[in-house]
Amino acid sequence: MADSTLRLDGSGTQPGPMLQPPWLGEELSLFLASVVTLFFELLIIRYVSSEVRVFANLKNLPLVASFFGIGLGMLLGSSRMRFRAVFPTATALLFVLTRFAMPLHLSFGDMSWEFALGSGGLGSRFLSLIRFLAVGLGYSVVIIVFFRVLGGYVGEYMKQLPSLRGYGINLSGSLVGMTLFSLLAFLHLGPVTWLLIGFLLLAPLVAGDRLTLVVFAVVVCVVATPEPNTFWSPYYRIELTRLSPPDGWPRASAYSLVANHVWYQCLADLSPGFLERYPTAKPNSLMLPYYELPYRIVPRPQNVLILGAGTGNDVAGALRHGAEHVDAVEIDPIIVAIGLQYHPEHPYNSPRVAVYADDARSFLKKATRKYDLIVFGFLDSATLLSSFSSLRLDNYVYTVESFQNAKALLTSQGTLVLSFATGRGFATDRLYATLESAFGTPPAAYFTGFLVNGVLLIEGGARNTKLPQLVDATSDLQARTNSTTLLATDNWPFLYLTDRSIPAPVSVAATLFFLLVWTMLRKANCLAWKTSLPHLHFFFLGAGFLLLETKAVTQLSLLFGGTWLVNSVVIGSFLAMALVANALAGRFRVPVIVMYGILVTLLTLDFWFPYSSISGLSPGFKFMVGAGWAALPVFFSGIVFSSSLQRFGRPAEALGVNLFGAVLGGLLENAVMIGGTPILKGLALLMYAASAVALFKSRTQLTG
């Protein structure tokens, strides 16, 4: 290929020193380094976003920072020892600061889903923005340094093996690393276990560095500092605090639950026996009116569906009002378990209750029972699902299509009741208009103020029921919404954005991160690839792959629910597809132009693929069709990558530049907030087209 002697790291194409431990061979060293790198990538994304609230909004910054660090390490290798010398410091900073982010004021408890930064005047908001960006970018630098070292190990070991063999081992190790971390999530284990296992895996690669090993041990001990009553679910860091009961009450009457350092809900005894004895007890007496509201609208429902059941307050309310059967849906299994064990009324133990640890939207599409009452609890999540998607846990719950799914499950006189803590904000207007579009009639609306400044929307048979104790907001909201009100749909499910735009903190952070990346590349003398057509080919392939992965997570979240398991399945299937493609590319020579043709055809057809029509299929068949179709383009993209890698002959360089492209893809993914989910396909097509142009133009130069 052209530019085959291009120097990206000042060392030509010669591999750095042999770094694998003497008792490990080259292949096992590469495999172990690949396992560790992917494992720590998922660990940091999960841990940092839970403890440092900046990353609830800058959702994919840890992901793209890790990609950049790994790519930089692959290009530079491990021959530059100064980076390895700062590895212990970066490790200690990263995990110790994360463990104590709250007491060190590195977290933003006042940040909201509107991307608001503080309150007060312009000066106060400006200072909040500076702090917001400083924490986000400062963490990014530490993450980059950490992964630059891990990527250096991977790059050095790959240089010692044939291209496709080394790449295949790298993919296999990454698949194992992803599976291992997913297993720990399934077992509901927390940061101490994550770090202990991660450092044990990393220890053989740094066996000669006593300082680093000591830092590993110290970090584990520091992170293991006791956090009483703290649980780790696949989604949240959960704190449960027992509130003092009134004098004379022999057991707990309420608990407070905090998720990712944001108040989530109270588990409260609202039973007649308790409140008759203690009518002014708090928070119980403040909570009772809210949980009674659905049953003032529908007094004695037979079948009730509760979406966002949490620890069971809504379920207890349904049981107190004589519901014969309650389906309780809550996505977080640990929150369900806490409700089972600690809720004072023990609603989940009732034989009249069926509990489903599932995504609310997924359940709506699977359910067959008809309901007299469907209650949308406070489903607003305290976190993003992951850094592999623009979606929050609850995005697809509040769309036109979701409300239509719920409408189909109502009996002829069934009623839907939706509560949300949006008060008089823009999200209330959007909710109102979205619900009206789904049902074809304007919902009844009331402003509430029991625990938060909320809104209550009512659709269905009992929508004309009056609630004189509340402020009627129907006329107000009808006047504020019209045909131009932006609706939340499956194509643009962003209830929490004021309009089709990228919020200023996100766009500013992305711009500054890009400048940071560019500066680091220039100082490391790693910009030569930007004028090399073969390297640009790998660069645009990386951008297309990341966008393809984001598209798949988004679409499969709609099909199977926005659960952590869907993310793991998508990442695992993508790695497996790339592994199969790599094996086939090593055995057969397939014209790359044919692969590009199939890839472009698949991405184009995906604009019309009937995802909604397969949602009613059996789970197994739905998985085969939906997941298979979403992952199929990766196979042909993988054939292109592995074929090019075989000709290029320098896997560390190719993968390093490919990961730089993934950084671009991660930044471009924010465009989904403007164009909705279909834009991901368009951007992926554009990136793959650019990679094809770079490839075929480089071949023309060679033959010209």
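Note that the structure is a prediction, hence the values are computed from the model and not measured. (Residues numbered from 1 in each chain as written. Predicted model: local features only at pLDDT ≥ 70, side-chain atom pairs only at ≥ 80, totals over all residues. Heavy atoms only, no water.)

Re the packing of aromatic side chains
- Taken as a whole and judged by the stated rule, the model has 43 aromatic pairs.
- On the numbers, 6.0 Å between centres and 85° between planes, the contact of Phe39 with Phe40 is edge-to-face. As far as the burial class goes, Phe39 and Phe40 line up, both buried.
- For the ring pair Tyr290 and Tyr291, a centre distance of 4.5 Å and an interplane angle of 75° mean the geometry is edge-to-face. This pair shows no difference in class: Tyr290 is buried, exactly as Tyr291 is.
- An aromatic cluster of three or more residues is present, and its members are Phe39, Phe40, Tyr47, Phe87, Phe95, Phe146, Phe147, Phe181, Trp194, Phe199, Phe216 and Trp232.
- One Lys or Arg, Arg650, reaches over the ring of Phe648 and ends 4.4 Å from the middle of that ring. (Phe/Tyr/Trp six-rings, centres within 6.5 Å; stacked < 30°, edge-to-face > 60°. Buried < 20%, exposed > 50% of the residue type's maximum accessible area, 1.4 Å probe, protein only. Lys NZ or Arg CZ within 6 Å of the ring centre and 35° of its normal.)

Points about empty space enclosed by the protein
- For the coordinates displayed, the defined rule picks out six cavities of 30 Å³ or more.
- Size it by volume and the largest cavity reaches roughly 600 Å³.
- Every element with two or more residues in the lining of the largest cavity is listed here: α1 (26–51), α3 (61–76), α7 (163–186), α19 (533–560), α20 (564–587), α23 (619–648) and α24 (651–668).
- Of the residues that constitute the lining of the largest cavity, the class distribution is 21 nonpolar, eight polar and two charged. (1 Å grid on protein atoms, 1.4 Å probe; cavity = no way out; pocket = protein on both sides within 12 Å on 5 of 7 lines; lining within 4 Å. Points joined across faces, edges and corners; volume = space filled by probe spheres on them. Helix = DSSP H or I, 4+ residues; strand = E, 2+ residues; numbered from the N terminus. Nonpolar A, V, L, I, M, F, W, Y, C, P; charged D, E, K, R; others polar.)

A closer look at a nonpolar patch on the surface
- Residues Val508, Leu512, Phe514, Leu515 and Trp518 make up a contiguous nonpolar surface patch of about 410 Å² in total accessible area.
- Judged by relative accessible area, Leu512 falls into the partly exposed class, the value being 33%. (Patch = residues over 30% accessible without salt bridge, like charges linked within 9 Å, V, L, I, M, F, W, Y side chains within 5 Å. Areas by Shrake-Rupley, 256 points an atom, 1.4 Å probe, with all protein chains shown as cover. Salt bridge = Lys/Arg side-chain N within 4 Å of Asp/Glu carboxyl O.)

Structural notes on the nonpolar core
- In terms of nonpolar packing, the biggest core is built from 148 residues, with Phe40, Leu43, Phe95 and Phe513 touching the most fellow members.
- In this structure, Phe513 is in contact with Leu61, Val64, Ala65, Leu137, Ser140, Ile144, Val663 and Leu667, ignoring residues within four places of it in sequence.
- Among the nonpolar cores identified, the runner-up in size contains 34 residues, and Leu409, Leu410, Leu416 and Leu477 belong to it. (Core = buried A, V, L, I, M, F, W, Y, C linked by side-chain atoms within 4.5 Å. Contact = heavy atoms within 4.5 Å.)

What about the packing of α1 against helix α8 (residues 191–202)?
- The contact between α1 and α8 brings their axes to 9 Å, and the two run at 160°. When the axes of α1 and α8 are compared, the pair comes out roughly antiparallel. Both α1 and α8 take part in a crossing whose hand is left-handed. Facing α1, whose interface residues are Leu32, Val35, Val36, Phe39, Phe40, Leu43, Arg46 and Tyr47, α8 presents Pro191, Trp194, Leu195, Ile197, Gly198, Phe199, Leu201 and Leu202. (Axes fitted to C-alpha atoms, helices over the stretch in contact; angles between N-to-C directions. Parallel < 35°, antiparallel > 145°, perpendicular 65-115°, else oblique. Left-handed = near helix turned anticlockwise from the far one by under 90°.)

Thoughts on the packing of α8 against helix α9 (residues 210–223)
- Look at α8 against α9: their axes get within 9 Å of each other, and the N-to-C directions meet at 170°. As judged from the angle between their axes, α8 and α9 are roughly antiparallel. Here Pro191, Val192, Leu195, Leu196, Phe199 and Leu202 of α8 lie close against α9, whose contacting residues are Phe216, Val219, Val220 and Val223.
- For the contact of α8 with α9, the per-class residue count stands at ten nonpolar, no polar and no charged.

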